[in-house]
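# A look at the structure
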Amino acid sequence: MKAIVFNAHGGPEVLKLSDASEPVIRQNEILVRVKACALNHLDLWVRRGIPGVPIPLPHIPGSDVSGEIAQIGADVTTVRVGQKVVLAPGVTCGKCAACVSGQDNRCRQFTNLGYMIDGGYAEFVRAPEVNCLLYPENLSFEEAASIPLVFQTAWHMLVARAELQPCEDVLILGAGSGVGSAAIQIARFFGARVIAIASSDEKLEKAKELGADHLINHKTQKIREEVRRITNKRGVDVVFEHVGTATWDESLASLAAGGRLVTCGATTGYDAKVDLRFLFSRQLSLLGSYMGAKSELHTVMKLVAAGKLKPVVDRIFPLAQAAAAHAYLESSSQFGKVVLKV
Ligand SMILES: [Zn+2]
């Protein structure tokens, strides 16, 4: 089969269209003929190399897959060959206490398609049967592939970790990113008031179309001051963080008493400072979040099929132009998802 394979870590240029052997499925797995694979920031980290994470080389990246089932293992009972499918990105043991309690994103063996195992930048990918999600018939393959990773991440952050309540104020950083555009929709779905932050007025206009109530351009406005103005000096109940060092101080300073900051990433750096006096006297909660549980994705897919949550596709590249797609994602000029068409 044709696949985007890299043999060494580095810049986008290490992504080469190559011949690779077709995956061989196990009894509880399916083989998917990939139609589309969405990019995530994780793909950039995997390509560059992560200290302490020995990604097997040569490697095929790609966590967000949609396609058709080409083959099923002997033990597979819930899906059939020829069926359209979207895959949950997280692959876990399925047997440990975390997995059987529905908290599979806490499984010690957790990985994603395209992370420690081969992913979807290819004509075929193999995945466990339990990763099959109901295909939302109202979506194209490119739109369907844009849903899983960012929506499960944003859902887990806002619903499971921050326990968002109706009428609360939510500050969403990086509103133009895949996870940010998902978070705006989920927060609105739960009846929260959304303050969206992005780096350009053009991105903010699109955030408004998705339902953001207030907009902050962090290039021209100071986040904490705008939050104070919008919330009548109170601050927000929830800060949705994934930017890291560049925005951390502003994010913390924007919290109301009893506020929760939930973070799933650190695209601008890992170093952050916390004034402990501020943490305890304001009774703040700092919450880490990583990916999401498969059960949450089943809920997300139902809401997508019902038109309550929508994929946001920025640009589609052919598989052969994966390197150009990575360079584009690294430029941060997108609003929503960058997708490879296979
Ligand atoms: Zn497990």
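The structure under discussion appears in the preceding block.
Along each chain, the written sequence defines residue order, and numbers are assigned to residues from 1. Per-residue local features of the predicted model are confined to residues with pLDDT of at least 70, and side-chain atom pairs are confined, for both listing and counting, to 80 or more; whole-chain, interface and lining totals are unaffected and use all residues. To get the side-chain values, all heavy atoms of the structure are used, and hydrogens and water are removed first.

## A few points about the overall build of the chain
Helix and strand definitions here come from DSSP, where helices need a minimum of 4 consecutive H or I residues and strands a minimum of 2 consecutive E residues; each element is numbered from the N-terminal end. Across its full length, the chain holds 11 helices and 17 strands. A compact globule built from 342 residues would reach a C-alpha radius of gyration of about 20 Å, and the chain, at 20 Å, matches this within 12%. Expressed as lengths along the three principal axes of its C-alpha atoms, the size of the chain is roughly 60 × 40 × 40 Å. Burial here depends on accessible area, computed with a 1.4 Å probe over protein chains only, as a share of the maximum for the residue type. Under 20% is buried, over 50% is exposed, and the range in between is partly exposed. Taken across its 342 residues, the chain has 54% of its residues classed as buried. Partitioning the intrachain contacts of the chain with sequence separation of at least 6 by distance along the chain shows that 71% fall at a separation of at least 24. All accessible-area figures derive from a Shrake-Rupley calculation using a 1.4 Å probe, and residue coverage is judged against the displayed protein chains alone. Element-wise, carbon and sulfur atoms account for 51% of the exposed surface of the chain, whose accessible area totals about 15000 Å². In this tally, Asp and Glu contribute negative charge and Lys and Arg positive charge; neither His nor the terminal groups of the chain are included. We put the charge of a Lys on NZ, of an Arg on CZ, of an Asp on CG and of a Glu on CD. One finds the centroid of the 37 positive side-chain charges in the chain at a distance of 3 Å from the centroid of its 34 negative side-chain charges. Between the two quantities, the radius of gyration covers C-alpha atoms and the globule rule is 2.2 Å times the number of residues to the power 0.38. Only heavy atoms enter the contact rule, under which two residues are in contact if any of them lie within 4.5 Å.

## Considerations on unusual backbone geometry
Backbone torsion omega between leucine 57 and proline 58 reads -10°, so that peptide bond is classified as cis. Tracing the chain through its elements places proline 58 in the loop between helix H1 (41-48) and strand S4 (64-72). Its identity is not glycine, yet glutamate 163 carries a phi of approximately 50°, on the positive side. By secondary structure assignment, the location of glutamate 163 is in the loop between helix H4 (148-161) and strand S10 (169-172). The phi dihedral of asparagine 232 is positive, around 55°, even though this residue is not glycine. Position of asparagine 232 among the secondary structure elements: in the loop between helix H7 (223-230) and strand S13 (236-241).

## Some points on empty space enclosed by the protein
With a 1 Å grid spanning the protein atoms alone, the term cavity applies to any set of points in which a 1.4 Å probe fits but cannot get out, the term pocket to an open set with protein on both sides within 12 Å along at least five of seven lines, and the term lining residue to any residue with an atom within 4 Å of a point. Grid points are joined across faces, edges and corners, and a volume is the space filled by probe spheres set on the points. Summed over the entire model, instances satisfying the criterion amount to 1 cavity of 30 Å³ or more. Of the voids in this model, the largest cavity is the one considered here, and its volume is about 40 Å³. As for the largest cavity, its lining consists of Ser146, Val150, Phe151, Gly178, Ser181, Ala182, Gln185, Lys310, Val312 and Lys337. Among the elements of the structure, H4 and helix H5 (178-189) are those that each provide at least two residues to the lining of the largest cavity. Broken down by element, the lining of the largest cavity gets its largest block of residues, 4 residues, from H5. Considered class by class, the residues forming the lining of the largest cavity number 4 nonpolar, 4 polar and 2 charged. Each residue gets one of three labels, nonpolar for Ala, Val, Leu, Ile, Met, Phe, Trp, Tyr, Cys and Pro, charged for Asp, Glu, Lys and Arg, and polar for the others, Gly among them.

## Quick look at the coordination of the zinc ion
Sites may look incomplete because water is not among the atoms; the donors themselves are N, O and S atoms within 2.8 Å of the metal, or within 3.2 Å for Na, K and Ca. The zinc ion binds to the protein through Cys93 (SG), Cys96 (SG), Cys99 (SG) and Cys107 (SG), with metal-donor distances spanning 2.3 to 2.4 Å. The geometry test gives tetrahedral to four donors whose angles all lie between 85 and 135 degrees, gives square planar to four donors and octahedral to six donors whose opposite members are over 155 degrees apart with all other angles between 65 and 115, and gives irregular to the rest. One can describe the site at the zinc ion as tetrahedral: its 4 donor atoms subtend angles covering 103 to 116° at the metal. Counting the intervening residues between successive donors of the zinc ion yields the motif C-x2-C-x2-C-x7-C.

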